[in-house]
Amino acid sequence: ISVLFLTLLLLFLALFPGAFDCCMKISHEIPKGILRRVERFEIQKADGLCHLEAVILHIKGKKFCVNPWNRKVKKMMRKMKHKIHRSKSHVRKQRRTRMTKQKEQKQ
């Protein structure tokens, strides 16, 4: 019986590698100091293998599971999305300007 159980467990892990990577508990309060150091975040939906809605914060290789409805977390997520959007448009603008200057120099 134990060999059958072990075989089934290994099969399950092979078919669903992220099954044990879900947040099982979430923090409802999170210090501002941690929110300032967030490198990236993921949103975990309560469907499929994970049965809990959460925001997964990545800070220096560590993961923190927090309440997605927390006001501080929502604010941090908006800031990060805005920062990413701004930085991408800024890069495009710089590249366009550089290309225009190169064309002017050739003429």
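Just above, that's the structure.
Residues numbered from 1 in each chain as written. Predicted model: local features only at pLDDT ≥ 70, side-chain atom pairs only at ≥ 80, totals over all residues. Heavy atoms only, no water.

Asks: Now, about a positive patch on the surface: what can you tell me, with residues and values included?
Replies: Positive charge collects at one region of the surface, where Lys32, Arg36, Lys72, Lys74, Lys75, Arg78 and Lys79 lie side by side. A per-element tally of the positive patch places helix H3 (residues 71-106) first, with five residues. Take Lys72: its relative accessible area is 34%, and that puts it in the partly exposed class. (Patch = residues over 30% accessible without salt bridge, like charges linked within 9 Å, V, L, I, M, F, W, Y side chains within 5 Å. Areas by Shrake-Rupley, 256 points an atom, 1.4 Å probe, with all protein chains shown as cover. Salt bridge = Lys/Arg side-chain N within 4 Å of Asp/Glu carboxyl O. Lys, Arg positive; Asp, Glu negative; His and termini not counted. Charge placed at Lys NZ, Arg CZ, Asp CG, Glu CD. Helix = DSSP H or I, 4+ residues; strand = E, 2+ residues; numbered from the N terminus. Buried < 20%, exposed > 50% of the residue type's maximum accessible area, 1.4 Å probe, protein only.)

Asks: I'd like a description of the nonpolar core, backed by residues and values.
Replies: Ranked by internal contacts, the top residues of the largest apolar core, which has 13 residues, are Ile30, Phe41, Val55, Leu57, Val73 and Met76. Sorting the residues of this core by element identifies helix H2 (32-36), strand S2 (54-59) and H3 as the ones contributing at least two each. Among the elements that take part in this core, H3 stands out by supplying four residues, more than any other. The contact partners of Met76, leaving out residues within four places of it in the chain, are Leu35, Val38, Phe41 and Leu57. (Core = buried A, V, L, I, M, F, W, Y, C linked by side-chain atoms within 4.5 Å. Contact = heavy atoms within 4.5 Å.)

Asks: I'd like a description of the environment of Lys60, backed by residues and values.
Replies: Note on placement: Lys60 falls in the loop between S2 and strand S3 (62-66). We classify Lys60 as exposed; its relative accessible area is 70%. Along the sequence, Lys60 and Arg37 sit 23 residues apart, while their C-alpha atoms lie 8.4 Å from each other.

Don't take any of this as a statement about function, it's just geometry.
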